[in-house]
Amino acid sequence: MAQANDQSYNDLVLKARGLFWEKGYQETNISDLADRLDISSSLIYRKYSKDMLFIDSLNSYIASFSDPALEELRNSKEGLETFRGFFNGLIDALLTKTFPRSCFMINTVVELHNKQDRLDLTEVYNSYFGNMRSTFVIILKRAVELDEVQKVDKIEKYADFLSGIIPGLSVLYKIKNKEELQQYINQQLALIV
């Protein structure tokens, strides 16, 4: 194992992100990090911390996966079909194991929902869910312009409702096949009127 750190901090975060995504925060120990990052445990204790690497891994996930996907959605010219394409793409990624373990952020929320005394993830959660929600509002407003949504006063509630589909898919893909998951998406989108 290397004792000197010739890697950039960003490289370390990317390697740590993969490990945290695979194992979760609680199951990852300093020895695991040292092995994955190819640095000494003492360097992690001296210069970094597990918490710092974890939070920066979450932010890296947002910047690398979530934000670019949401930007693409915001640039779409379609209304409700934008959601169908997005959720079907997520289904494909989940079923083909594109991700180490479903959505990194959803995994984190589930794993650490009652254990935030040491880690303050509020800012990370607000960034992830806030950007998702505001993107969904933009798409829903576009759907109103396309006469796909009539209840304009419900756009904010619809955005919250649609945000709940991702955690749902993160569980359902383990017990349902692709057709059943697509039917689930169609049923959820049918509720947007």
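Reading the values: the criteria
- Position numbers for residues start from 1 in each chain and track the written sequence from start to end.
- Restriction of local features to residues with pLDDT of at least 70 applies here, the model being predicted, together with a cutoff of 80 or more for giving and counting side-chain atom pairs; totals for whole chains, interfaces and linings are based on all residues.
- Side-chain metrics in this entry use all non-hydrogen atoms of the structure; hydrogen atoms and water are not considered.
- Salt bridges are counted wherever a side-chain nitrogen of Lys or Arg sits within 4 Å of a carboxyl oxygen of Asp or Glu.
- In this description a helix means any DSSP run of H or I spanning at least four residues, a strand means any run of E spanning at least two, and both kinds are numbered starting from the N terminus.
- When a residue's accessible area, from a 1.4 Å probe over protein chains only, is under 20% of the maximum for its type it is buried; when over 50% it is exposed; and in between it is partly exposed.
- The definition of a nonpolar core used throughout is a set of buried Ala, Val, Leu, Ile, Met, Phe, Trp, Tyr and Cys residues joined through side-chain atoms within 4.5 Å.
- When checking whether two residues touch, look at their non-hydrogen atoms; a contact exists if any pair is within 4.5 Å.
- Two aromatic rings, drawn from Phe, Tyr or Trp (for Trp, its six-membered ring), form a pair once their centres lie within 6.5 Å of each other, and the interplanar angle then sorts them: stacked below 30 degrees, edge-to-face above 60, tilted otherwise.
- Lysine NZ or arginine CZ positioned within 6 Å of the ring centre and within 35 degrees of the ring normal marks a charge as sitting over the ring.
- Simply put, an axis is a line fit to the C-alpha atoms, just over the touching stretch for a helix, and the angle between two N-to-C directions goes from 0 to 180 degrees.
- Working definition: roughly parallel below 35 degrees, roughly antiparallel above 145 degrees, roughly perpendicular at 65 to 115 degrees, and oblique for all remaining angles.
- Take the far helix as your reference; a near helix turned counterclockwise from it by less than a right angle gives a left-handed crossing, and one turned clockwise gives a right-handed crossing.
- Throughout, the ten residues Ala, Val, Leu, Ile, Met, Phe, Trp, Tyr, Cys and Pro are labelled nonpolar, Asp, Glu, Lys and Arg are labelled charged, and all others, Gly among them, are labelled polar.
- One less than the number of residues in a helix, times 1.5 Å, gives the span that helix is expected to have.

Asker: Looking at this model, I keep getting lost on the pattern of salt bridges. Mind explaining?
Answerer: Inspection of the entire model under this criterion finds seven salt bridges. Notably, a salt bridge pairs arginine 36 with glutamate 22, separated by 2.9 Å at the nearest N-O pair. Taken together, the residues arginine 36 in helix α2 (residues 30-37) and glutamate 22 in helix α1 (residues 9-23) connect sequence positions 14 residues apart. Of the charged contacts, one joins aspartate 32 and lysine 23 as a salt bridge, the two residues approaching to 2.8 Å between their closest N and O atoms. Assessed through its relative accessible area of 33%, lysine 23 is described here as partly exposed. Salt bridges linked by common partners bring Arg133, Glu156 and Asp160 together as one network.

Asker: I'm lost on the nonpolar core in this one. Help?
Answerer: Looking at soluble globular proteins, one finds that nonpolar side chains tend to be buried together. In this structure, Phe87, Phe136 and Leu169 are the most contacted members of the largest nonpolar core, which totals 62 residues. Examining the composition of this core, we find that nine residues originate from one element, helix α7 (residues 122-145), more than from any other. If near-sequence neighbours (up to four positions away) are discounted, phenylalanine 136 is found in contact with Leu70, Leu73, Phe83, Phe86, Phe87, Ala159, Leu162 and Ser163.

Asker: Would you mind going over the packing of aromatic side chains with me for this structure?
Answerer: Aromatic ring pairs are reported here in terms of the distance separating the ring centres and the angle at which the planes meet. Per the stated rule, a full pass over the model turns up 18 aromatic pairs. With a centroid separation of 5.7 Å and 20 degrees between ring planes, the pair formed by tryptophan 21 and phenylalanine 104 is classed as stacked. With tryptophan 21 in helix α1 and phenylalanine 104 in helix α6 (residues 104-112), the pair connects residues that are 83 residues apart, well separated along the chain. By relative accessible area, tryptophan 21 is classed as buried at 4%. Considering the side-chain rings of tyrosine 61 and phenylalanine 104, the 5.6 Å spacing of their centres and the 90 degrees angle between planes classify their relative orientation as edge-to-face. Of this pair, tyrosine 61 sits in helix α4 (residues 50-74) while phenylalanine 104 sits in helix α6, and the two are 43 residues apart along the sequence. Three or more aromatic residues joined by ring pairs make a cluster, and in this case those are Phe20, Trp21, Tyr25, Phe54, Tyr61, Phe65, Phe104, Tyr125, Tyr128 and Phe129. The positively charged end of lysine 50 is found above the aromatic ring belonging to tyrosine 25, 4.2 Å away from the centroid.

Asker: Can you walk me through the side chain of serine 163 in this structure?
Answerer: Position of serine 163 relative to the elements: it lies in helix α8 (residues 155-163). With residues up to four places along the chain from it excluded, the contact list for serine 163 reads Met132, Arg133 and Phe136.

Asker: I would appreciate a short explanation of the packing of α6 against α7 in the present structure.
Answerer: With their axes 11 Å apart at the nearest point, α6 and α7 run at an angle of 135 degrees to one another. One finds that α6 runs oblique with respect to α7. The element α6 and its partner α7 pack so that their crossing is left-handed. Here Met105, Ile106, Thr108 and Val109 of α6 lie close against α7, whose contacting residues are Val124, Tyr125, Tyr128 and Phe129. Considered class by class, the residues forming the contact of α6 with α7 number seven nonpolar, one polar and no charged.

Asker: How should α6 be read in this particular structure?
Answerer: One full turn of an α-helix is made of 3.6 residues, so residues set three or four places apart face in the same direction. In terms of residue burial, α6 counts as a mostly covered element, since seven of its nine residues are buried. For α6, the full list of buried residues reads Phe104, Met105, Ile106, Asn107, Thr108, Glu111 and Leu112. Those residues of α6 that are buried lie in contact with α1, α4, α7 and α9 (165-172).

Asker: Could you clarify how one ought to interpret the environment of glutamate 145 in this entry?
Answerer: Along the chain, the position of glutamate 145 falls in helix α7. Since its relative accessible area comes to 66%, glutamate 145 is described here as exposed.

Asker: Just checking my understanding: could you explain helix α5 (residues 80-95) for this structure?
Answerer: Helix length check: α5, at 16 residues, gives a terminal C-alpha distance of 23 Å against a target of 22 Å (1.5 Å per residue), a fit within 8%. Residues Leu80, Thr82, Phe83, Phe86, Phe87, Asn88, Leu90, Ile91, Ala93 and Leu94 constitute the buried set of α5. Against α4, α7, α8, α9 and α10 (178-190) lie the buried residues of α5. Backbone geometry just after α5 places lysine 97 at a positive phi near 60 degrees.

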